[in-house]
Amino acid sequence: MKTMKRNQVPFWYLLYDRKEDLKDEYGNESGESAIIYKPAVKMEANISAATGSAQVEQFGNFAGYDKVIVTDDLSCPIDENSVLFIDKEPEYAEDGTPLYDYIVKRVAKSLNSISYAVSKVSVS
């Protein structure tokens, strides 16, 4: 499957970097941790409007997603730990936490393309 350039729309992805232990005001570990992501990267790909039966078959009986992203860039590093800005440009909280709007649920690689099942989330 080749993706047509005119059907591609821009979005941004953030790759998982590491998990960092949080400390309290005295410098002691609090027992909580924060996930740190790498900087946002802009990409263009085909993004579906909504879930459909063809996509449900593509990912098996898994139907817990909202959109499908399809790219013919087989070197695309997006995986199940990545987060996405699809319906908005990248924005961050005061502490630098990304306020992303989608997460990657599943990845389906084929010979000529990669499909990503993504689900909408609310991060505040």
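Data block above holds the structure.
Calculation criteria
- Residues numbered from 1 in each chain as written.
- Predicted model: local features only at pLDDT ≥ 70, side-chain atom pairs only at ≥ 80, totals over all residues.
- Heavy atoms only, no water.
- Helix = DSSP H or I, 4+ residues; strand = E, 2+ residues; numbered from the N terminus.
- Buried < 20%, exposed > 50% of the residue type's maximum accessible area, 1.4 Å probe, protein only.
- Contact = heavy atoms within 4.5 Å.
- Areas by Shrake-Rupley, 256 points an atom, 1.4 Å probe, with all protein chains shown as cover.
- Polar contact = N/O pair within 3.5 Å; in protein donor to acceptor, adjacent residues only side chain to side chain.
- Pairing = 2+ DSSP bridges.
- Axes fitted to C-alpha atoms, helices over the stretch in contact; angles between N-to-C directions.
- Core = buried A, V, L, I, M, F, W, Y, C linked by side-chain atoms within 4.5 Å.

> Quick question: what am I supposed to make of the overall build of the protein here?
Tallying secondary structure elements over the protein gives 1 helix and 8 strands in all. Per-residue burial for the protein yields a buried fraction of 34% across its 124 residues. In the protein, of all internal contacts separated by at least 6 residues, the share reaching a separation of at least 24 is 55%. Within the structure as shown, the protein displays about 7800 Å² of accessible surface, and the carbon and sulfur contribution to it stands at 47%.

> Looking at this model, I keep getting lost on the side chain of Ser82. Mind explaining?
With respect to the secondary-structure elements, Ser82 resides in the loop between strand S5 (67-71) and strand S6 (83-85). Assessed through its relative accessible area of 1%, Ser82 is described here as buried. Leave out the neighbours within four places in its chain, and Ser82 touches Leu14, Leu15, Ile103 and Val104.

> Quick question: what am I supposed to make of the environment of Glu80 here?
Inspection of the secondary structure puts Glu80 in the loop between S5 and S6. Given the relative accessible area of 43%, Glu80 is considered partly exposed. Between the C-alpha atoms of Glu80 and Val107, which are 27 residues apart in sequence, the distance is 7.0 Å. One polar contact links the side chain of Glu80 to the main-chain amide nitrogen of Val107, over a distance of 3.4 Å.

> Could you clarify how one ought to interpret the environment of Glu89 in this entry?
On the secondary structure map, Glu89 appears in the loop between S6 and strand S7 (102-109). Expressed as a C-alpha distance, the spacing of Glu89 and Tyr100, which sit 11 residues apart in the sequence, is 8.8 Å.

> Is there a simple way to think about the sheet that holds strand S8 (residues 114-120) in this case?
Think of a sheet as strands paired side by side through backbone hydrogen bonds, with each pair either parallel or antiparallel. On the basis of which strands lie adjacent, the closed barrel formed by 6 strands has the order S1-S4-S5-S8-S7-S6 and antiparallel pairing. Neighbour-to-neighbour, the strand axes of the sheet open up by a mean angle of 45°, direction not taken into account. The pairing of S7 with S8 spans 7 bridges and is classified as antiparallel. Each bridged residue has a counterpart across the sheet, and for Ala108 the counterpart in S8 is Ser115.

> What is the right way to read the nonpolar core from this model?
Counting residues in hydrophobic clusters, the biggest one holds 15 residues, and the most contacted among them are Phe11, Ile69, Ile78, Leu84, Ile86, Tyr116 and Val118. Of all the elements in the fold, those that place two or more residues in this core are strand S1 (8-14), strand S4 (41-47), S7 and S8. With near-sequence residues (within four places) excluded, Ile69 lies in contact with Phe11, Ala45, Asn46, Ile47, Leu84, Ile86, Ile114, Ser115, Tyr116 and Val118. The next biggest cluster of nonpolar side chains, apart from the first, holds 6 residues, and it includes Trp12, Leu14, Tyr37 and Phe85.

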